[in-house]
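# Fold and geometry: a report
Now for the letters of each chain:
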Amino acid sequence: MFKRIFWPVFILAVGTGLAYFAYSDYRPLKLGLDLRGGSHLVYEADVSLLASPADIDPAMQSLRTVIERRINALGVAEPVIQVETVGLNADAKHRLIVELPGVTDLGQARETIQATPVLEFRAERPEGAEKEAIIAEIKKVQDALAKGEAPDDIDPELISQDPYFVPTELTGRFLNSARVEFGQQALSPSISLEFNTDGAALFAQLTKENLGKRIGIYLDGVNISAPVVQSEITDGRAEITGQFTLEEAKALARDLNLGALPVPVTLVSTQTIGATLGEEALNRGVRAGVIGFVAVIIFMILWYRLPGIVAGVALAFYVALVLSIFKLIGVTLTAAGIAGLILSLGIALDANVLIFERLKEERRRGRVVRDAAIEGFTRAWTAIRDSNLSGIISSLILYWFGTSLIKGFAVTLSVGIVISLFTATTITRTLLLSLYK
Amino acid sequence: MFIIKYRAVFFLLSVLLVAGSIVALVALGLRLSPDFTGGVIMEVEYPAARPAIEQVRQQIVATDLAGISVQELGERGLLLRTKELTDDQHRALLSTLAVDKVAPLEKRFSSIGPAVGRELKQRGLTAIAIVVALIILYITWAFRGVSRPVQSWKYGLIAIVALLHDITIPTGVFALLSHFYGVEADALFLTALLTILALSVNDTIVVFDRIRERLRGSSGANFPELVGRSLDETIVRSINTSLTVILVLLAIFFFGSQSTKYFSLILAIGMIVGTYSSIFIASPLLVVWEKFSRRVK
């Protein structure tokens, strides 16, 4: 008697907990761009200029890092930037996929992303009135901001300048490569740069003119290092020393290589979904799901009576569990993903129908109801197992070969099928057996 | 038993439907969306009344933007398509569409390179082919215990025949929708076909499973009768399952978002023909094959 009441109550309690979790704001379900609005950009990298195939991966990774940094500068919430390789070996296409939730005006985003990363070498600004004027202007703004006032009469010409360095002709265009190296005495790694012929000439001139002074190395307008020139350098090789950790040195070498642009990119596709359209799709999708769910349960109860109610509870448990798992493993829900979810709902229900039909049959053969239920499960199992396994095989293949849209579908479907196997064999079974004691 | 007895009628119905679908497909063709062919789609909505479509067309022609088609969409929206659009052209187009200097709200903009589109098509087809092949193998393996009177690979092959039947008919219906209502086959259409694929096999396996169970411990002497009885026993389940799924699909069709309307319709058709084929085609085919091999011997 105790067991008979304990398990159903336990299931209901767990189910309610899961439903609460699924509904709560904790780790909210990630929505795809098609449901929340935003932009999806696909860039294709031209890797034909790279020396060897082994260089492709590092080049793509550094491309990713730089573009990520640029997008973060735009202030987009939760951007997704990933490298995708399509095809094999020599035919492979290397793409960078950029997803910008909430961004529907692409103009600025595209310009920021595609701007060539700029590596600049700047010389020290000579002491004098100009330098002081810039410093004074910056101080004025800072003081005003510190007091919480809006700074007035600013000279935009002055404020936008760097007080300590002035641009020179030498940029990343003249760089051949940058590498991390360990000096013989130095404990920390350094970065060796190699310029091309024109770069070497410019660099020789720059070092000659700035002997004993600092040279500012800037990436995308941000100072990354300011080494002091020790001697005139004519062979086009330079070394940046400093207190780098190995990680920092690697990152810097990579950034410098990027200043030399290893992989040019072209935009091959863009998709923008307005926020209103996404919201509408989501609301209508949810409403349709709820109406469909209720209709199915009504049908089950009308047809199977008491077991129909069991199926309803098991199905509600199923939905709560699936949504909770989606939240936990971070599945991104798209319109196609919702379709996969709804389909898995059908498959979950099918397991129940199979069991109930068997149960009816066994009862017609004259078994008492509890035996019929147990027999029903045993006999329905092979059909449930084989049909679900073939479904899992299909969704795995789809995941493997599919594009992002198909993947979204395959993920929700396969997770759904696995969980439906679990709920049909445990939840439905436990509830049904405690009814028929 | 009724189903096995009158199988010729059911086969004929299916053959007619499949043939009709293929004719529709070949004669009318599928209108592929830029998801597959590459191109630009733009959807805009006006805050108040939409300008007359002829006027919009003339305004566009007046600029140097060529080859843009304009359609009305909903109450206040417009749908525009073209092959390619640069950033500048995009901006120019938006300002051309403006009424009293107020540009309409851009609800959707999608520009897909032809290579990306081709790739989606090719990968979709590859995925379908591999799934089909693996399912034959899986069924052959799952039914390995039953080699009499019909070898297990034949179950696999027949499941695939049923599957092809189940995706051909919805595709044919889609060709009709394409032709008469201008509906385009997009990435969601491909997803719908993949879904039908999964459901169809699922359904066929359930019926085959019953045959497998009955064959165990039986000599399989009266195979047609055995299949007939298995069908009688599984028919309620098959119909109930599809009914419940169709209920959900109807909910999506009537209450769901505009973008999944045809998706749910195609799925519902696939569901109906899928249930039909597993009952009226797949199992009777087993009987036919068994008879045929006996005659050959």
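The structure displayed is predicted, hence computed values, not measured ones.

What counts, and where the lines are drawn
- Residues numbered from 1 in each chain as written.
- Chains lettered and ligands numbered in written order.
- Predicted model: local features only at pLDDT ≥ 70, side-chain atom pairs only at ≥ 80, totals over all residues.
- Helix = DSSP H or I, 4+ residues; strand = E, 2+ residues; numbered from the N terminus.
- Buried ≥ 20, exposed ≤ 12 C-beta atoms within 10 Å, placed from the backbone.
- Contact = placed C-beta atoms within 7 Å.
- Domains from an automatic or database assignment.
- Core = buried A, V, L, I, M, F, W, Y, C linked by C-beta atoms within 7 Å.
- Pairing = 2+ DSSP bridges.
- Axes fitted to C-alpha atoms, helices over the stretch in contact; angles between N-to-C directions.
- Nonpolar A, V, L, I, M, F, W, Y, C, P; charged D, E, K, R; others polar.
- pLDDT = per-residue confidence, 0-100.
- Expected span 1.5 Å × (residues − 1).
- Left-handed = near helix turned anticlockwise from the far one by under 90°.
- Parallel < 35°, antiparallel > 145°, perpendicular 65-115°, else oblique.

For chain A, the helix and strand inventory stands at 13 helices and 13 strands. Taking all 437 residues of chain A together, the buried fraction comes to 40%. Considering only contacts within chain A whose residues lie at least 6 apart along the sequence, 72% involve residues at least 24 apart.

On to the domain arrangement of chain B, then. Once the domains are mapped, chain B shows domain 1 (2-34 + 115-296) and domain 2 (39-112). Of note, the centres of domain 1 of chain B and domain 2 of chain B, computed from C-alpha atoms alone, are 42 Å apart.

This brings us to the nonpolar core. All names here are of chain B. Counting 154 residues, the largest nonpolar core has A159, L197, V248 and I266 as the members making the most contacts within it. The element best represented in this core is helix 8 (residues 187-215), accounting for 18 residues. Other than its neighbours up to four places away in sequence, I266 contacts P170, F174, F189 and A192.

Here we take up the sheet that holds strand 4 (residues 105-112) of chain B. Judged by pairing direction, the sheet is antiparallel, and its eight strands sit side by side in the order 3(A)-4(A)-2(A)-12(A)-4(B)-1(B)-3(B)-2(B) without closing on themselves. A strand with exactly one partner marks an edge of an open sheet, and here the two such strands are strand 3 (80-86) of chain A together with strand 2 (69-73) of chain B. With strand direction ignored, the average angle separating the axes of adjacent strands in the sheet is 20°. In this fold helix 6 (residues 114-142) of chain B packs onto strand 2 (38-45), strand 3 and strand 12 (265-273) of chain A together with strand 4 of chain B, with an angle of close to 70° to the strand it touches most, strand 12 of chain A.

Okay, the interface of chain A and chain B next. Facing the 57 residues of chain A at the interface are 53 residues of chain B. Only helix 4 (106-114), strand 12, helix 9 (275-304), helix 11 (335-364), helix 12 (369-401) and helix 13 (404-435) of chain A provide two or more residues apiece to the side of chain A that touches chain B. Class assignment of the residues belonging to the side of chain A that touches chain B gives a composition of 31 nonpolar, 18 polar and eight charged. As judged from the five bridges shared by strand 12 of chain A and strand 4 of chain B, these two strands associate in the antiparallel manner. If you follow I273(A) over to strand 4 of chain B, its bridge partner there is R108(B).

Let's shift gears to the sheet that holds strand 8 (residues 190-195) of chain A. Two orientations exist for strands paired in a sheet by backbone hydrogen bonds: parallel and antiparallel. All names here are of chain A. If you trace the three strands from one edge of the open sheet to the other, you get 7-8-11, paired in antiparallel fashion. Two strands in the sheet have a free side with no partner beyond their single neighbour: strand 7 (175-181) and strand 11 (237-240). On average, each strand axis in the sheet is tilted by 20° relative to the strand beside it, whichever way the strands run.

This brings us to unusual backbone geometry. All names here are of chain A. Look at R27: it is not a glycine, yet its phi comes out positive at around 45°. Secondary-structure assignment places R27 in the loop between helix 1 (2-23) and strand 1 (30-31). On the basis of neighbour counts, which here come to 12 C-beta atoms within 10 Å, the residue R27 falls in the exposed class. The phi torsion at R305 lies on the positive side, around 55°, for a residue other than glycine. Here R305 shows up in the loop between helix 9 and helix 10 (306-329). What makes R305 exposed here is the crowd of 11 C-beta atoms within 10 Å.

Let us look at the environment of A192(B). All names here are of chain B. Among the secondary structure elements, A192 is positioned in helix 8. Through-space distance from the C-alpha of A192 to that of G270 is 8.6 Å; in sequence the pair is 78 residues apart. Here A192 is in contact with F263, I266, L267 and G270, once residues within four sequence places are set aside.

This brings us to the confidence of the model for chain A. The pLDDT averaged across chain A works out to 80; a share of 86% of its residues lies at or above 70. The secondary-structure element of chain A with the lowest mean pLDDT is helix 6 (residues 156-159) of chain A, recorded at 67, while helix 10 of chain A shows the highest, at 90.

What follows is about helix 6 of chain B. The end-to-end C-alpha distance of helix 6 of chain B, which contains 29 residues, comes to 42 Å, matching closely the 42 Å that a straight helix rising 1.5 Å per residue would cover. Of the residues making up helix 6 of chain B, those classed as buried are V116(B), G117(B), L120(B), G124(B), A127(B), I128(B), V131(B), I135(B), I139(B) and A142(B).

The next point concerns the packing of helix 7 (residues 152-181) of chain B against helix 8 of chain B. Residue and element names in this part refer to chain B. Direction vectors running N to C along helix 7 and helix 8 enclose 145°, while the axes themselves pass 9 Å from each other. Remark: the crossing between helix 7 and helix 8 carries right-handed chirality. Within the contact between the two elements, helix 7 uses Y155, A159, A162, L163, D166, I167, P170 and F174 and helix 8 uses F189, L193, I196, L197, S200, V201, T204 and F208. When grouped by side-chain class, the residues that make up the contact of helix 7 with helix 8 number 13 nonpolar, two polar and one charged.

For the rest of this paragraph, the subject is the environment of V9(B). Here V9(B) shows up in helix 2 (residues 7-28). In the structure, V9(B) is positioned 275 residues away from P284(B) in sequence and 11 Å away in space, judged by C-alpha atoms.

All names here are of chain B. Tracing the backbone through its elements, the reader meets R7 in helix 2. Under the C-beta neighbour-count criterion, R7 is labelled partly exposed, with 19 such atoms within 10 Å. Distance in space between the C-alpha atoms of R7 and S178 is 33 Å, their sequence separation being 171 residues.

Attention now goes to the packing of helix 11 of chain A against helix 8 of chain B. At their nearest, the axes of helix 11 of chain A and helix 8 of chain B sit 11 Å apart, and the two run at 10° to each other. If you check the angle between helix 11 of chain A and helix 8 of chain B, you find them roughly parallel. Residues A336(A), A339(A), L343(A), I347(A) and L354(A) of helix 11 of chain A pack against L188(B), T191(B), T195(B), N202(B) and V206(B) of helix 8 of chain B. Partitioning the contact of helix 11 of chain A with helix 8 of chain B into residue classes produces seven nonpolar, three polar and no charged.

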